[in-house]
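Descriptive analysis of the structure
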Amino acid sequence: MSPPTPQQERLAHAPVVLRGGRWWLDGGVDSVPASDPAFTAVLDDFALSIAAADQAVADLLIRQDEASCIDPGGRR
């Protein structure tokens, strides 16, 4: 599976960062590349799941805003 599209992104408050399509374990002072294919595949899947969840929440917020514009009284 290919890595998520952002070229540099911290993963959900975790000590891992995606830089240039490669995962790095970030210890604060120094970073070490993650080289285990099974581990990086799990990171890829997790990052994609988080991105999908973020998009779903954004879509819900948009629909909620659209609904409140249609019915300003808040009735549903």
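Heads up: the structure comes first, above all this text.
Everything numeric here is computed off the predicted structure, so don't read it as measured data.

Analysis parameters
Residues numbered from 1 in each chain as written. Predicted model: local features only at pLDDT ≥ 70, side-chain atom pairs only at ≥ 80, totals over all residues. Heavy atoms only, no water. Helix = DSSP H or I, 4+ residues; strand = E, 2+ residues; numbered from the N terminus. Buried < 20%, exposed > 50% of the residue type's maximum accessible area, 1.4 Å probe, protein only. Polar contact = N/O pair within 3.5 Å; in protein donor to acceptor, adjacent residues only side chain to side chain. Pairing = 2+ DSSP bridges. Patch = residues over 30% accessible without salt bridge, like charges linked within 9 Å, V, L, I, M, F, W, Y side chains within 5 Å. Areas by Shrake-Rupley, 256 points an atom, 1.4 Å probe, with all protein chains shown as cover. Salt bridge = Lys/Arg side-chain N within 4 Å of Asp/Glu carboxyl O. Contact = heavy atoms within 4.5 Å. Core = buried A, V, L, I, M, F, W, Y, C linked by side-chain atoms within 4.5 Å.

1. Describing the environment of Gln 55
Within the secondary structure layout, Gln 55 lies in helix α1 (residues 37–70). Judged by its relative accessible area of 46%, Gln 55 falls in the partly exposed class. A polar atom in the side chain of Gln 55 sits 2.8 Å from the side chain of Asp 59.

2. Side note on the pairing of strand β3 (residues 22–26)
Examined bridge by bridge, strand β2 (residues 16–19) and β3 share four bridges and lie antiparallel to one another. Across the sheet, Leu 18 pairs through a bridge with Trp 23, a residue of β3. Linking two consecutive strands that pair antiparallel, namely β2 and β3, is a turn of two residues; a positive phi of about 60 degrees is found at Gly 20 within it. Of the pairings in the sheet, the one linking β3 to strand β4 (residues 31–33) comprises three bridges and is antiparallel in character. Counted as the bridge partner of Trp 24 is Pro 33 from β4.

3. Points about a nonpolar patch on the surface
Taken together, Leu 25, Val 32 and Phe 39 make up a surface patch of nonpolar side chains, about 240 Å² in accessible area. If you trace the backbone, Leu 25 turns up in strand β3. On the basis of relative accessibility, which here comes to 35%, the residue Leu 25 falls in the partly exposed class.

4. Description of the environment of Leu 11
Structurally, Leu 11 can be placed in the loop between β1 (8–10) and β2. Assessed through its relative accessible area of 4%, Leu 11 is described here as buried. Considering only alpha carbons, one finds Leu 11 and Phe 46, 35 residues apart in sequence, at a separation of 8.6 Å. Beyond its immediate chain neighbours, meaning those up to four positions away, Leu 11 contacts Val 16, Trp 23, Leu 43, Phe 46, Ala 47 and Ile 50.

5. Some words on the nonpolar core
Residues Leu 11, Val 16, Leu 18, Trp 23, Ala 34, Leu 43 and Ala 47 constitute the largest nonpolar core, which totals seven residues. Those elements giving two or more residues to this core turn out to be β2 and α1.

6. Quick look at the pattern of salt bridges
Counted under the stated rule, the structure contains one salt bridge. Among the ionic pairs, Arg 10 bridges to Asp 26, the shortest N-O distance being 2.4 Å. Of the two residues, Arg 10 sits in strand β1 while Asp 26 sits in strand β3, which places them 16 residues apart along the sequence. When its relative accessible area of 18% is taken as the criterion, Asp 26 is described as buried.

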